[in-house]
Amino acid sequence: MPLHKGPQKHQERPMSVNPFFGEANPVAGMAEAPPTHRLPDGPLPPSTAYQLVHDELMLDGNARLNLATFVTTWMEPQAGILMAECDDKNMIDKDEYPRTAELERRCVAMLADLWNAPDPASTIGCSTTGSSEACMLAGMALKRRWTKRNTDRYPGGARPNLIMGINVQVCWEKFCNFWEVEPRFVPMEGDRYHLDPQAAADLCDENTIGVVAILGSTFDGSYEPVADLCAALDALQERTGIDVPVHVDGASGAMVAPFLDEDLVWDFRLPRVASINTSGHKYGLVYPGVGWALWRDKESLPEELVFRVNYLGGDMPTFALNFSRPGAQVVAQYYTFLRLGRDGYRAVQQASRDVATGLAERIEALGDFRLLTRGDELPVFAFTTADHVTAYDVFDVSRRLRENGWLVPAYTFPANREDLSVLRVVCRNGFSKDLADLFVEDLSRLLPGLRRQPHPLTHDKDAATSFHH
Ligand SMILES: *Cc1c(COP(=O)(O)O)cnc(C)c1O
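Residues numbered from 1 in each chain as written. Predicted model: local features only at pLDDT ≥ 70, side-chain atom pairs only at ≥ 80, totals over all residues. Heavy atoms only, no water.

**Some words on the site of the ligand**
What surrounds the ligand is the set Gly130, Ser131, Ser132, Gln169, Cys171, Ile214, Thr218, Asp249, Ala251, Ser279, His281 and Lys282. Here Ser279 contributes a side-chain N or O atom positioned 2.8 Å from an oxygen atom of the ligand. The contact in question runs from an oxygen atom of the ligand to an N or O atom on the side chain of His281, over 2.6 Å. Alone, the ligand offers 380 Å² of accessible surface; in the complex the protein occludes 88% of this. Considering only residue class, the shell around the ligand consists of three nonpolar, seven polar and two charged. (Near = heavy atom within 4 Å. Polar contact = N/O pair within 3.5 Å; in protein donor to acceptor, adjacent residues only side chain to side chain. Areas by Shrake-Rupley, 256 points an atom, 1.4 Å probe, with all protein chains shown as cover. Nonpolar A, V, L, I, M, F, W, Y, C, P; charged D, E, K, R; others polar.)

In structure tokens form, the structure reads like this:
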């Protein structure tokens, strides 16, 4: 979250609140609007407070037209009702809300099955606030396992490291910073925009706590080659004896691949995969606030990291960074699992993939753009301007699309492809074929104006884009 400052020097706001807002007697409306920089002196009627907050929020972007986010922007009304019914439940109070706790347990069991855990009964997992927390937990487990194997060398000098592609989501940089682990990045190279298995294995040494594989990359929607990575690490172990576990960051893909790419082996079927996370609030199809982390067996999650809370007279193991947390999202996850089943998820994700691949093709056909990916792994694709396009760049396109209400981020790739800037479209449930048609219409309408520009117009590329990968 941004770190905010205290109040600047403010003037009291002179204009009055519309006296019509919820006042039984509008004539007695307030004389002054409440201050926004300090706690108001007195209360407001609920209807007035509601209207003030509601009206200010009208200026937020339209979430459904936000093609930048991976996070769910539409759920069924029934899910909304269930969530409202659970607003008052604290996920940590397992004893007070045993049924909510049970629904969480069932979700973990369903995911263990979905991700082909060899022995679902001994697989352990938990809900989190999202993939970031899940990744922190998985990273901590990797680090603690390494520490236990290396008590003689740590903390006496040996510094643990974690290997990953330069395209990792920022939560992994945070993990390394917060938990004092050295990040080792595999750079991009030519047309390879994610981790290379051999390059990752080459970076490993006796201080490596694990390798992170991303399914799929937030930069371009591509899946990283998890099976090939495991094979490269098998070979490394054979050669050197160094045994490096793999964590799969399946924030998006762990809820796409099991339904659309059943032949792709990326999950617990690979013995080297120790843990997997996903964001329930991405392709898990739940509103923001839920993620999942699973470990293949008890050995993968050192017991001393586990915290016990009271549960029906006994105790229940928990693993989390925070304590109190809403139960509504977990309930909504269970609802969605129950509601869709495998076939339902397959249909929904296939629809998103169809929209993504169709839209990518139509953008390619416009002639001004070159696709980096085609939306056939995650329903996400990245594209850049074709070589002959010199009058405008991807930042101009992003800015002009925004004038039409479409939020499409433009950003520059990391090492070694800093020369490459792209636009990215994330197709989610609710971004229908109709909306995609309207998007192409708007984009085509902008092209003549863009082509007439004397040169690209965006000067401050960092300020031009809202991309947070
Ligand atoms: C979104 C994402 C994250 C962070 O997940 P949150 O659920 O937003 O906390 C981590 N890794 C990848 C690959 C992601 O796509």
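**Comments concerning the side chain of Thr385**
Within the secondary structure layout, Thr385 lies in strand S11 (residues 380–385). If we ignore the near neighbours within four places in the chain, the residues touching Thr385 are Asp368, Phe369, Arg370, Tyr392, Asp393 and Val394. (Helix = DSSP H or I, 4+ residues; strand = E, 2+ residues; numbered from the N terminus. Contact = heavy atoms within 4.5 Å.)

**A look at the pairing of strand S8 (residues 307–311)**
Here five bridges tie S8 to strand S9 (residues 314–318), and the two strands are oriented antiparallel to one another. In the strand pairing of S9, Val309 is matched with Met316. The hairpin turn running from S8 into S9, its antiparallel successor, is two residues long, and Leu312 in that turn takes a positive phi close to 50°. (Pairing = 2+ DSSP bridges.)

**Let's talk about the packing of helix H2 (residues 77–85) against helix H9 (residues 328–365)**
Between H2 and H9, the least distance of the axes is 8 Å, while the angle of their chain directions is 145°. In this structure, H2 crosses over H9, and the sense of that crossing is right-handed. Counted together, Gln78, Ala79, Leu82 and Met83 of H2 and Ala328, Gln329, Val331, Ala332 and Tyr335 of H9 form the full contact between these two elements. Partitioning the contact of H2 with H9 into residue classes produces seven nonpolar, two polar and no charged. (Axes fitted to C-alpha atoms, helices over the stretch in contact; angles between N-to-C directions. Left-handed = near helix turned anticlockwise from the far one by under 90°.)

Any functional reading would require information that these geometric values do not contain.
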